[in-house]
2 protein chains.
Amino acid sequence: MSRSRTGSGELLVEIQRSGAVPLHQQLEAGIRARIREGLLRADAVLPSTRALANDLGLSRGVVVEAYQQLVAEGYLVSRTGGYTQVAPTAARTSGQTRTNQQPTGPPRIDFKYSRPDVSQFPRAAWLRSVRRVLNEIPHSTLSYLSGQGSPELREALADYLNRVRGTSARPENLLICHGFAQGSRLLLQVLVAAGYRKLALEDPSDYELRDIARAAGLEVVGVPVLDSGIDVEALDRSGADLVLVTAAHQMPIGAVASPATRAALVEWAVRRNALIIEDDYDAEYRYDREPIGAVQGLAPDRVVYAGTASKTLAPGLRLGWLILPDALVEPLAAAKLADDRGSSVLDQLTFADFVSHGEFDRHLRRMRPRYRNLRDLLVTQLADRLPDFEPVGVSAGLHILVWLPPDLPAETVATAARERDVGVHPLTPYWFTPPGPPGLVFGYGSLTEKAVAEGIDLLADAVGTLRP
Amino acid sequence: MSRSRTGSGELLVEIQRSGAVPLHQQLEAGIRARIREGLLRADAVLPSTRALANDLGLSRGVVVEAYQQLVAEGYLVSRTGGYTQVAPTAARTSGQTRTNQQPTGPPRIDFKYSRPDVSQFPRAAWLRSVRRVLNEIPHSTLSYLSGQGSPELREALADYLNRVRGTSARPENLLICHGFAQGSRLLLQVLVAAGYRKLALEDPSDYELRDIARAAGLEVVGVPVLDSGIDVEALDRSGADLVLVTAAHQMPIGAVASPATRAALVEWAVRRNALIIEDDYDAEYRYDREPIGAVQGLAPDRVVYAGTASKTLAPGLRLGWLILPDALVEPLAAAKLADDRGSSVLDQLTFADFVSHGEFDRHLRRMRPRYRNLRDLLVTQLADRLPDFEPVGVSAGLHILVWLPPDLPAETVATAARERDVGVHPLTPYWFTPPGPPGLVFGYGSLTEKAVAEGIDLLADAVGTLRP
C-alpha cells in the first residue's frame, strides 16, 4: 500500500469562527469536498490531529471529532499506527460516483453517551400535570414571561434541589433555561461582560464547551483530574478566574470530588475572587450510596450550579436551570430575555407541578435500579469478554470510562467495532493536549440488557481480529 | 421654575455593547443612579434624545425608551416644550430617601401593543392535543432533536401557511424557533456570516430589531413607508442588500403593501441579489376582507418568511417559524442546534396536532369578531371623545396608529394619561432620525370593551387638561 504523505498545508480548510456552523462541521465539509473532488486521493495520509489543529488554530477535539465523523461515514480510515488515511473506496476516480462500503447512519448498537431511556418517560404522570396546569393557571401566566422563569417552577426546583442535592437555593436565585446548552452559553456571555477572562476545565472533560467558551471571549485551559476530583493546586497555578467542575460524578472519568478537594476548591475561589461553575448533570443517579451534595451548598456566593432534565426525563423537553449568586441574577435574566423572551410557560408549569407532586422523585426511584442493572451487566460483560479493558469510576450515572491496554488505539477499536455495527467512542477528544492514555466512553442509558450483552460480544470479536 | 441645562457630557453613562444587558436598561440604570446619588438634581433638564444618542453612539430609539421608562417610574418628567426634566421629587436631597409620587407598576388600563387576549387560550383543545401526542408518539421523538424542528410540525405548518397565507412552503424549508426573538437573532447571525452587510427597515417600525441587527454586525438604515407599503425607490437608493417588511399589515402604521409595491420589491431583490425578510406577525387578523397573501409566495428563493403563535395563541408558548430559501436551511438549522439544541418536542408536536386537527383555524375564527369589535369600539370612542386624533390603517391586527394634532407632543399626552392610570404609547421610538409626525400606538388585543371605553374617557379627560 502506498502512502502519499499529505502536508497539512493542503488541508487548509476555510474556517469561519464567527459563523453559525460548528467548527467541526466546517472542517468535515471541507475535507469531504476535497475527497469528492479528487484533491485528496485514496490512501493519502492525513496530518495528525495535533498538527492540523495547530495549522488551523482549532482545538484538537474539533479535529478529532471531524476525523471520527468522516471515519464513520467511510471517507477516512483509522489505521493501527495511529494515523488516518483517505479510504481506498472513498476518493472519486474521474467520471465515477463515490461508492461507500462503510455502513452509514447510526450503528445498530450504539454505546454513545448522553441518552437516557426515553421509552420510560412518565407519560401518564406528565399528562396529569399538563391537565392540572391547564385547568388551574390564571390567564396572565400565558403572556410574555420574565427572563428568570416561572416563580412556580423556581420554587419547586429550589425545594427539590435543597432536599436532594444539598444546595442552598432560594427561588429568587434560580433561572430557567433551555438545557445546559443555552444556560452555559448565556452564563459565559454574562461572565465575560462582568470581566472574567480565563476558564479552567477538567482534563479530560466534555469538549463541546471549549469552543463555546472561546467564542464568548474566554481563554480556556485544561486542569488534570485526579481520583479525588480536580487538581486544585494545578488550578491555582493556571491563573484561571473561572472553573467548571463535575464534582459529583466527573465527566468522563467518573471520579467523585473528595471533601478535601471541595474545601480546597471553595478556598481557592474565595482567595482568588474566582467563580466555580458546577455542572451537576447526572448526580441523581448514584447507585451504591446517597449522592454527595453539591459544592454549591458550601458557598452559594462562589458557585453557579447547573442542572438539567435531559438526563433524568428527556432531552426533548429542553428544560434546564441555574442557581446563581445574587449579583448574577439580573444580568442573566436580562440575557435570557434578550435571547428568546423566556422559556415556554406551559412546559415550565407542567414540570413545576410534576416536581411538586413528587412525580420526579418517583420517576428517579423507578429508573435507578434499571440503570444500575445495565451498568453492572456492562462491567460484568467487559470483565468476562475483555478482561484487559479496565472500567473506572464510582457506581453512578449513565456512562462508564474504560481504559484500554496500551497496544490498542481507541480509534482502531472503534473502527473495528463499527464494521460489526457497534458504536464505541474514543476518549481522545475529551483530552486537552497532550492527550492522556487511551480509553473508550460507554453510554448505556438508552440500551436494553440484550443490546449491552450483544454489543460487548461483538466488540470482543472485533478486538480479537486486531490481535495476533 | 429654574432650568439647569445639563450638558450631555454629564450623562456619559458607561455602555457595554458586548454585554448581555439591553442598552436601554444600561442607560436607565446609569441615569437612575445619578439621580439617586444627587448628581442630577431636581428640575435639571436632560439632553435631547438625539443629542444623547449621538454622544453615546446609540440609536435614538434606545434613548427614547430609557427616558419613557424613567418617566413612568417617576424619575423624569416630560414637559410640553418637548424636553425632559428630572422630576422635582425624584432627586435625593442629602440624608433623605427618595419619595416617588408617580404611580409605579403597569397602569390599570394599558393600551400597550403586542398582547393577544390570553384569557381566550383554547385550553381544552390544547389539552386534547397534548393527550393525543403523549398517547401516540414513538419514544425516539423525546430524544435530542434536529435543529430544524419536528417534521410533524413543519408539515402541519407548511399546509396551513400555503392554504391561509399564500406561501409556497415545503416542510423541508421550515425551521421552528422560540418566537421571532430567537428566529430573527439567528437569521441575522447566519446572514452576516453569508456576507450580507446592510439591512433596511421600514421607517417607522419596531425599534428593538435595530440594536439586534447592529449587534450582529449589520449596518441599519430606515426607508420610508407610504400608504402603499415601503418606498421601493428609496430602498433601492439605500444600497441595502437586506430588507425587513411587514407587508400584510405594516407595523405600526397599518398600511398594506400594494400589488405594485410587492412586485417592485421582488424585482429589486432579484436585480440587487438581495433578500427580503417578511415579518408576517399578525396577518391572520384581517377584519374587512381576506388577508393579502404573503410576498414569500411570489419569490420563495428571495424571501425569508417569519411567523409566530405569540399573536394568535399566547406569547408564553414561545413558538415561531421561518420559511427559508434552500441555501439557508442548513446554516440556520446548525445555528439553532448550537444555540439551544432545538425547541421542546412536546410543544412542537402538540402544536402540530392542534393545527392539523383544524383547532388553529377554529380559534382564529372565534377570535376575529372579538378583536374586530374592540377595534371598532376604539375607533368610535376616539371619534367621539378625541375627534382631532386621527386613526389610520386597514381594519386588521391588534393595534392601531393614531396621529396627534400638531400641538400635542405624544410624550406629554402619555404622561398626562399615566397620571390617570392609563398607559398610551408614543410613536416616537418607532421613527428613525429625523422623527416624523407625533402619534400614539394603541394595542387593544388584551383589553375588555369596558376597559377600552373607560380608557379613552380617561385619556380624553387628561388631554382636556393640557389644552387652554
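Residues numbered from 1 in each chain as written. Chains lettered and ligands numbered in written order. Predicted model: local features only at pLDDT ≥ 70, side-chain atom pairs only at ≥ 80, totals over all residues. Heavy atoms only, no water.

### Points about the packing of helix H12 (residues 359-385) of chain A against helix H14 (residues 449-465) of chain A
Residue and element names in this part refer to chain A.
Next, step 1: It is the contact of H12 with H14, at a shortest axis distance of 10 Å, that shows an interaxial angle of 25°. Our classification of the angle between H12 and H14 gives roughly parallel. Remark: the crossing between H12 and H14 carries right-handed chirality. Residue-level contacts link Asn 373, Leu 374, Leu 377, Leu 378, Gln 381, Leu 382 and Arg 385 of H12 to Glu 449, Val 452, Ala 453, Ile 456, Asp 457, Ala 460 and Asp 461 of H14.
Next, step 2: Class assignment of the residues belonging to the contact of H12 with H14 gives a composition of eight nonpolar, two polar and four charged. (Axes fitted to C-alpha atoms, helices over the stretch in contact; angles between N-to-C directions. Helix = DSSP H or I, 4+ residues; strand = E, 2+ residues; numbered from the N terminus. Parallel < 35°, antiparallel > 145°, perpendicular 65-115°, else oblique. Left-handed = near helix turned anticlockwise from the far one by under 90°. Contact = heavy atoms within 4.5 Å. Nonpolar A, V, L, I, M, F, W, Y, C, P; charged D, E, K, R; others polar.)

### Thoughts on the confidence of the model for chain A
Residues and elements named next belong to chain A.
Next, step 1: Looking at chain A, the pLDDT average stands at 89 and 90% of residues meet or exceed 70.
Next, step 2: pLDDT under 50 marks residues 1-10. Its contacts with residues more than four places away, or in other chains, come to 22 contacts.
Next, step 3: Note on residues 92-103: pLDDT is under 50 here. Beyond four places in sequence and across chains, it has 18 contacts.
Next, step 4: What the predictor reports for the complex is a pTM of 0.81 with an ipTM of 0.79. (pLDDT = per-residue confidence, 0-100.)

### Looking at the relation of the copies chain B and chain A
Next, step 1: You can overlay chain B on chain A at an RMSD of 0.1 Å; the transform is a turn of 180° with a shift of 0.0 Å along its axis. In symmetry terms, the pair is related by a two-fold rotation axis.
Next, step 2: Of the interface residues in chain B, 98% have counterparts in chain A that sit at the interface too, so the contact is made through matching surfaces. (Least-squares fit on C-alpha atoms with pLDDT ≥ 70 in both.)

### Observations concerning the pairing of strand E11 (residues 320-323) of chain A
Residues in a regular strand project their side chains so that they alternate between the two faces of the sheet.
Residues and elements named next belong to chain A.
Next, step 1: Burial along E11 is two-sided: Gly 320 and Leu 322 facing one way and Trp 321 and Ile 323 facing the other are all buried.
Next, step 2: Here four bridges tie strand E4 (residues 174-177) to E11, and the two strands are oriented antiparallel to one another. Residue pairing across strands places Cys 177 opposite Gly 320, the latter belonging to E11.
Next, step 3: Bridge analysis of strand E10 (residues 303-308) against E11 gives four bridges, and the strand direction is antiparallel. Looking across to E11, one finds that Tyr 305 is bridged to Ile 323. (Buried < 20%, exposed > 50% of the residue type's maximum accessible area, 1.4 Å probe, protein only. Pairing = 2+ DSSP bridges.)

### Thoughts on the environment of Ala 53 of chain A
Residues and elements named next belong to chain A.
Next, step 1: Inspection of the secondary structure puts Ala 53 in helix H2 (residues 49-56).
Next, step 2: Relative accessible area serves as the criterion here: at 5%, Ala 53 is assigned to the buried category.
Next, step 3: Distance in space between the C-alpha atoms of Ala 53 and Pro 369 is 42 Å, their sequence separation being 316 residues.

### Some points on H14 of chain A
Next, step 1: The terminal C-alpha atoms of H14 of chain A, which comprises 17 residues, lie 25 Å apart, in line with the 24 Å expected from a rise of 1.5 Å per residue.
Next, step 2: Among the structural elements, strand E3 (109-110), H12, helix H13 (410-418), strand E14 (422-423) and strand E16 (439-443) of chain A are those in contact with the buried residues of H14 of chain A. (Expected span 1.5 Å × (residues − 1).)

### Concerning the packing of aromatic side chains
Two descriptors summarise a pair of aromatic rings, namely the distance from one centre to the other and the angle between the planes of the rings.
All names here are of chain A.
Next, step 1: Overall, the coordinates contain 22 aromatic pairs over all chains when judged by the stated rule.
Next, step 2: An aromatic cluster is defined as three or more aromatic residues linked by ring pairs; in this entry it consists of Phe 121, Trp 126, Tyr 160, Trp 321, Phe 351, Phe 354 and Phe 360.
Next, step 3: Over the ring of Phe 432 we find Arg 210; its NZ or CZ atom is 3.9 Å from the centre of that ring. (Phe/Tyr/Trp six-rings, centres within 6.5 Å; stacked < 30°, edge-to-face > 60°. Lys NZ or Arg CZ within 6 Å of the ring centre and 35° of its normal.)

### Topic: the sheet that holds strand E6 (residues 219-226) of chain A
Residues and elements named next belong to chain A.
Next, step 1: One open sheet accounts for eight strands, arranged E4-E11-E10-E9-E8-E5-E6-E7; its pairing is mixed. Lying at the two open borders of the sheet, with one neighbouring strand each, are E4 and strand E7 (229-230).
Next, step 2: Of the strands in this sheet, E4, E10 and E11 are in contact with helix H5 (residues 151-164), which crosses E4 at around 110°.
Next, step 3: Contacting E4, strand E8 (242-245), strand E9 (275-279), E10 and E11, helix H6 (residues 179-193) runs over the sheet at an angle of about 175° to E9.

### Remarks on the interface of chain B and chain A
Next, step 1: Taken together, the contacts link 54 residues of chain B with 53 residues of chain A.
Next, step 2: In total, chain B and chain A occlude about 4500 Å² of area from one another, counting both sides; carbon and sulfur atoms represent 59% of this.
Next, step 3: The tally of links from chain B across to chain A stands at four salt bridges.
Next, step 4: The partner of Arg 185 of chain B in a salt bridge is Asp 339 of chain A, and the shortest N-O contact between them spans 3.1 Å. (Buried area = accessible area lost by both parts, 1.4 Å probe. Salt bridge = Lys/Arg side-chain N within 4 Å of Asp/Glu carboxyl O.)

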